[in-house]
Amino acid sequence: MRKTLALLTAILPALVGMAVPSRAADNASVLMYHRFGENRIPSTNIRLEQFEAHIAELTSGAYRVLPLPEIVAKLKKGEPLPDRAVAITADDAYLSIATEGWPRLKKAGLPFTLFVATEPVTSKIKGYMTWDDVRRLRDEGVTIGAHGHTHLSLPSLTADGIRKDLDTSMQLFEKELGQKPSLFAYPFGEWDAKSLEIVKGMGYAVAFGQHSGSMHARNDFFWMPRFPMNETFGSIERMRQALNSLPLPVTDVEPKDVLVKLGQTPNPPTLRFTVDPEVERLNQMVCYTSEGKAIQPKLIGERRYEMHAPAPLQPPRDRISCSVPSKEKGRFRWFGIQFTVVK
């Protein structure tokens with residue numbers, strides 16, 4: 001991933017952050033945060049000076065930050081979005097979201113979605129919001145989404161365990177907020193075929209992972225991508241790459257299930273997909289694992305590619321991201337997928 005970012009940063013023109021003419025689009029970039037100003041936990045934290053630079057970029061006139069439910073509704077109806085549409089999200093309901101993140105977003109007039117893991121909030125665990133905090137944010141205009149109850153990886157649970165976890169979460173939302181969320185985010189971004197079908201059956205409109213890519217109408221609505229933002233991947237250059245991303249639409253993705261069981265499932269798995277005809281410059285496609293290991297895509301049919309990581313994927317998760325330069329100067333098409341790796 002670091003190599004990918006270095007390559008893209010080197011050729012990303014400075015003009016990419018400037019205001020651009022609006023045009024209709026069928027995609028949006030969704031940013032994902034966790035903690036704000038909790039510098040002792042850099043892997044899930046964004047430093048406040050980084051976040052303030054993000055807000056300055058988001059309010060520069062180059063982007064349209066919209067409520068996530070509005071983006072989801074337009075994509076489902078086939079209605080156009082403005083070019084460079086953006087949604088902002090944060091997971092888990094850490095207290096710093098309420099004390100540091102949301103006040104800055106609110107001051108800038110930027111809509112925001114909070115995915116709440118209900119057990120830490122209900123148990124009043126130190127460092128998390130309380131239900132009073134969640135209600136206050138909701139009343140101030142924050143969209144509340146679901147993030148499970150226990151925040152356990154759903155693929156680690158039995159089917160009955162997944163249903164119990166999600167049912168408990170729903171019951172608490174109804175009790176504490178008087179409504180059920182329509183948006184869901186997988187804990188750790190981890191899912192498999194079993195958990196995806198159960199989440200879909202719960203009545204959610206959409207479910208999000210933690211793999212990079214542009215959210216678009218041709219993607220499965222129950223493993224939508226988001227661009228993770230933290231101290232390491234929170235530079236303004238990285239953010240601009242995310243905000244200016246375009247879809248790399250693919251079909252017939254294999255394997256159908258992203259669960260890799262060590263000793264039982266081929267590891268590394270073979271990833272295959274077919275790229276839509278609209279995409280050009282496929283000879284410039286680059287792919288990497290989340291550790292920055294390069295993957296060479298192999299053409300095996302008409303616009304169909306096959307690839308596998310150069311080394312076995314490691315627990316608990318690993319991602320593969322592919323990008324292709326678009327015809328629009330300084331913009332890249334992204335496709336990402338996250339594998340859940342269990343022992």
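Residues numbered from 1 in each chain as written. Predicted model: local features only at pLDDT ≥ 70, side-chain atom pairs only at ≥ 80, totals over all residues. Heavy atoms only, no water.

Trainee: Help me understand the state of the cysteines, please; the structure alone is not making it clear to me.
Mentor: A disulfide bridge is the covalent bond that connects two cysteines by way of their sulfur atoms. With the rule as written, the count across this model stands at one disulfide. Across a sulfur-sulfur distance of 2.2 Å, Cys287 and Cys322 are joined as a disulfide pair. On the sign convention where negative means left-handed, the S-S torsion of about 115 degrees between Cys287 and Cys322 marks this disulfide as right-handed. Placement of Cys287 in strand β18 (residues 286-289) and of Cys322 in strand β22 (residues 317-325) is noted, with a sequence separation of 35 residues between them. (Disulfide = S-S within 2.5 Å. Helix = DSSP H or I, 4+ residues; strand = E, 2+ residues; numbered from the N terminus.)

Trainee: Got a minute to help me understand the pattern of salt bridges in this structure?
Mentor: Where charged atoms from two side chains of opposite charge come close, those side chains can pair. Evaluated as defined, the whole model comprises 27 salt bridges. A salt bridge links Arg218 to Asp26; its shortest N-O distance comes to 3.2 Å. Separated by 192 residues along the polypeptide, Arg218 in the loop between β12 (215-216) and β13 (227-228) and Asp26 in the loop between β1 (24-25) and β2 (27-33) bring together distant segments of the chain. Of the charged contacts, one joins Arg136 and Glu140 as a salt bridge, the two residues approaching to 3.5 Å between their closest N and O atoms. In this structure Arg136 comes out as partly exposed when scored by relative accessible area, which is 34%. Connected through salt bridges with shared partners, the residues Asp26, Arg218, Asp276, Glu278 and Arg333 form a single ionic network. (Salt bridge = Lys/Arg side-chain N within 4 Å of Asp/Glu carboxyl O. Buried < 20%, exposed > 50% of the residue type's maximum accessible area, 1.4 Å probe, protein only.)

Trainee: Could you clarify how one ought to interpret helix α7 (residues 159-177) in this entry?
Mentor: Each α-helix turn comprises 3.6 residues. Residues three or four places apart therefore point the same way. Under the 1.5 Å per step criterion, the end-to-end length of α7 is 27 Å for 19 residues, consistent within 8% with the ideal 27 Å. The elements touched by buried residues of α7 are β8 (113-116), α5 (118-122), α6 (131-139), β9 (143-146), β10 (183-185) and α8 (193-201). Positive backbone phi, at 75 degrees, marks Gly178, one or two positions downstream of α7. (Expected span 1.5 Å × (residues − 1). Contact = heavy atoms within 4.5 Å.)

Trainee: Is there a simple way to think about the sheet that holds strand β21 (residues 304-307) in this case?
Mentor: Where strands meet in a sheet, backbone hydrogen bonds hold them as pairs that are either parallel or antiparallel. Taken together, four strands build an open sheet; the order of strands is β15-β17-β21-β20 and the sheet is antiparallel. Each having just a single partner strand, β15 (250-254) and β20 (298-301) make up the two edges of the open sheet. Sheet twist, expressed as the average angle between the axes of neighbouring strands with direction ignored, equals 30 degrees. In terms of strand pairing, strand β17 (residues 271-275) meets β21 through four bridges, oriented antiparallel. Across the sheet, Arg272 pairs through a bridge with Glu306, a residue of β21. (Pairing = 2+ DSSP bridges. Axes fitted to C-alpha atoms, helices over the stretch in contact; angles between N-to-C directions.)

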